[in-house]
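Residue-level structural notes
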Amino acid sequence: YEVFVSDMGKIKERYKDMLNNYGIEWEEGQHSPDKILDAEEIVKSPGIPDSAPIVVQATQKNIRIINEIEFAGRYTDAKMICITGSNGKTTTTSLIYHILKNANYNVGLAGNIGRSLALQIAEGCTYEYYVIELSSFQLDNMYDFHANIAVLLNITPDHLDRYDNDMEKYAESKMRITQNQEDSDAFIYWADDPIIQKELKKHGIKAQHCPFSIVSKKGMIGYIEQGQYTLETPMPFNMEQESLSLHGKHNMYNSLAAVIASRLAGVSDHKLKESLSDFEGVEHRLEYVARVRGVDYINDSKATNVNSCWYALQSMTQKTILILGGKDKGNDYTEIADLVREKCVGLIYMGLHNEKLHDFFDPFGLPVADVQSMQDAVDAAYRMAQKGEAVLLSPCCASFDLFKSYEDRGEQFKQCVRKL
């Protein structure tokens with residue numbers, strides 16, 4: 001292919017070196033329409049919205065626009081285990097990969113986590129399986145790609161600013177994970193999600209349905225009963241809930257989905273139990289950082305929407321100082337209102353524009369602090385928290401007002417806590 005790379009932002013030096021080594025022409029700080037609009041096909045970064053001027057121009061010229069996963073999928077016969085959902089997808093993806101890797105499968109990790117799928121395939125990786133985390137943005141530009149095993153964990157409001165504040169459009173995006181599936185494929189989903197149930201009626205999904213719930217009921221492939229993780233036929237499996245390394249209600253769903261996917265891939269009982277009991281979890285997701293003067297500090301920077309924060313607060317057993325805020329994506333904080341009243345003893349608003357947080361939470365009568373840096377947030381939490389309490393960074397929002405990414409936000413939090 002004759003390839004041209006265009007980035008409106010700055011390209012990191014290591015990527016410039018890579019492009020130069022492969023003889024690929026590139027530009028940064030601008031988009032050159034004469035070159036871009038001469039393309040037969042555009043591989044677009046998922047973060048760039050369809051409303052971006054250069055994308056609008058390309059669409060008007062009927063240039064095919066796809067994403068990197070769609071492009072890479074043309075050049076591999078590997079079986080694809082694909083995971084999406086508003087919450088829990090990184091943990092579930094990481095857990096499935098850990099299980100398959102531990103079972104000595106020839107498996108790669110890609111998508112929203114791990115290395116670029118296209119790069120791995122281009123460099124000659126010959127994996128039999130790929131475990132791929134997919135965001136709604138990635139699914140939007142996938143057309144012919146085919147998931148052998150598709151996992152849909154949940155659909156709750158997120159990124160609505162990208163979908164015209166239309167929940168229906170966002171749900172449709174998530175359901176694209178089932179497109180092109182055949183009778184021989186599997187679709188794993190949380191049966192208690194009302195939006196998923198509504199969407200199921202609209203989509204004629206050919207794949208084998210593998211619903212799960214945390215309670216035993218008719219039709220469930222997986223569920224929890226009397227403290228046992230249980231899979232039904234044709235792949236019976238039982239494991240004591242207490243033996244799992246992941247705890248918290250949200251991880252019950254994640255683990256059930258991972259167990260079903262791994263079992264469908266043929267992982268044995270022994271390897272499944274071994275991996276479920278030694279998985280260490282995901283960085284920036286309810287990650288314990290330190291205890292300082294009797295106060296626990298928890299990094300949940302990956303909570304970029306309200307539903308993620310709900311799961312985090314629900315898992316807290318101590319009175320909690322909650323650090324939240326950032327780039328609002330059309331958030332409705334009503335979902336966490338009761339848990340904030342029940343569990344929180346203080347709130348720290350961290351962002352450039354905290355008016356919405358003040359309007360919603362100030363009437364609760366809790367102590368609050370406004371900050372615009374992570375150092376100030378941790379200092380405010382240190383002053384506010386009492387021995388036996390916890391400080392939870394679970395922002396509900398994207399990070400891009402003050403930080404490069406949720407990882408950058410979480411790393412800064414850990415660094416500041418460790419200096420206390």
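Here goes a summary of the coordinates provided. (Residues numbered from 1 in each chain as written. Predicted model: local features only at pLDDT ≥ 70, side-chain atom pairs only at ≥ 80, totals over all residues. Heavy atoms only, no water.)

**Focus on helix α11 (residues 269-278)**
Quick reminder: α-helices carry 3.6 residues per turn. Residues three or four places apart thus point the same way. Filter applied, for reference: A 1.4 Å probe rolled over the protein chains alone gives each residue an accessible area, and that area as a share of the maximum for its type sets the label: buried under 20%, exposed over 50%, partly exposed in between. Numbering of helices and strands starts at the N terminus; helices are DSSP runs of H or I of at least 4 residues and strands are runs of E of at least 2. The directions considered for the arc are those from the helix axis to the C-beta atoms. For this analysis, residues touch if any pair of their heavy atoms sits within 4.5 Å.
When we look at burial in α11, the residues that qualify are L272, S275 and L276. Buried residues of α11, seen end-on, are gathered within an arc of 100° and therefore sit on one face of the element. Lining the buried residues of α11 we find α5 (89-102), β13 (237-240) and α10 (249-264).

**Focus on the sheet that holds strand β17 (residues 344-350)**
Note the cut-off: At least two bridges found by DSSP between two strands are what make those strands a pair. Every axis in this analysis is a line fitted to C-alpha atoms, fitted for helices over the stretch in contact. Angles between the N-to-C directions lie between 0 and 180 degrees.
One open sheet holds the six strands; their spatial order is β14-β15-β19-β16-β17-β18, and the pairing between them is mixed. Single-partner strands in this sheet number two, and they are β14 (287-292) and β18 (368-371). When strand polarity is set aside, the average angle formed by the axes of neighbouring strands in this sheet is 20°. As paired strands, strand β16 (residues 320-324) and strand β19 (residues 390-393) are joined by four bridges and run parallel to one another. The residue bridging L322 from the neighbouring strand is L392, located in β19.

**Some points on the nonpolar core**
One recurring pattern in soluble globular proteins is that nonpolar side chains are buried together. Threshold: Each nonpolar core is a collection of buried residues, namely Ala, Val, Leu, Ile, Met, Phe, Trp, Tyr and Cys, held together in the definition by side-chain atoms within 4.5 Å.
Ranked by size, the top nonpolar core spans 45 residues in total, and within it I81, L100, I188, F212 and L276 carry the most contacts. The dominant element in this core, judged by the number of residues it contributes, is α10, at seven residues. When neighbours within four sequence positions are excluded, F212 is seen to be in contact with L153, I188, Y189, W190, A191, M220, G222, Y253, L256, A257 and I260. Core analysis: the second largest hydrophobic core is formed by 32 residues, A110, I132, I155 and L200 among them.

**Here's the deal with the pattern of salt bridges**
This is how the line gets drawn: Here, a salt bridge means any Lys or Arg side-chain nitrogen found within 4 Å of an Asp or Glu carboxyl oxygen.
The final tally for this structure, using the stated rule, is 23 salt bridges. Its salt-bridge partner being K202, residue E172 comes within 3.0 Å of it at the nearest N-O pair. With E172 in helix α8 (residues 167-175) and K202 in the loop between α9 (194-200) and β10 (208-212), the pair connects residues that are 30 residues apart, well separated along the chain. Judged by its relative accessible area of 39%, K202 is partly exposed.

**With respect to the packing of aromatic side chains**
For the record, the criterion: Geometry of aromatic contacts follows a simple scheme: Phe, Tyr and Trp rings, the Trp one being its six-membered ring, pair when their centres are within 6.5 Å, and the pair is stacked under 30 degrees between planes, edge-to-face over 60, tilted otherwise. Here, a charge over a ring is recorded when the distance from Lys NZ or Arg CZ to the ring centre is within 6 Å and its angle to the ring normal is within 35 degrees.
As enumerated under the stated definition, the model contains 13 aromatic pairs in all. A ring pair is formed by F360 and F361, whose centres lie 4.9 Å apart and whose planes are at 75°; its orientation type is edge-to-face. For F361, a relative accessible area of 1% puts it in the buried group. Counting every residue linked through ring pairs, the aromatic cluster contains W190, Y253, W310 and Y311. One cation-aromatic arrangement involves K35 over F4; the distance from NZ or CZ to the ring centre is 5.3 Å. Sitting above the plane of the F364 ring, R341 keeps its charged end 4.1 Å from the centroid.

**Digging into the environment of I348**
For I348, the position within the fold is in strand β17. You can call I348 buried: its relative accessible area is 0%. Residues I348 and Q197 lie 151 residues apart in sequence; the distance between their C-alpha atoms is 36 Å.

**Remarks on the packing of α10 against α11**
The cut-off we apply is this: Small angles under 35 degrees read as roughly parallel and large ones over 145 as roughly antiparallel, with 65 to 115 read as roughly perpendicular and the rest as oblique. By definition, any crossing whose near helix is turned counterclockwise from its far helix by less than a right angle is left-handed, and any crossing with a clockwise turn is right-handed.
One way to put it is that α10 packs onto α11 with a least axis distance of 11 Å and a crossing angle of 150°. Judged by the angle between their axes, α10 and α11 are roughly antiparallel. In this structure, α10 meets α11 at a crossing whose hand is right-handed. Contact residues: V259, S262 and R263 in α10; D269, L272 and L276 in α11.

**Considerations on the environment of V378**
Within the secondary structure layout, V378 lies in helix α15 (residues 374-384). Given the relative accessible area of 0%, V378 is considered buried. Spatially, the C-alpha atoms of V378 and C416 are 6.6 Å apart, while their sequence positions differ by 38 residues. Aside from chain neighbours lying at most four places away, what touches V378 is F413, C416, V417 and L420.

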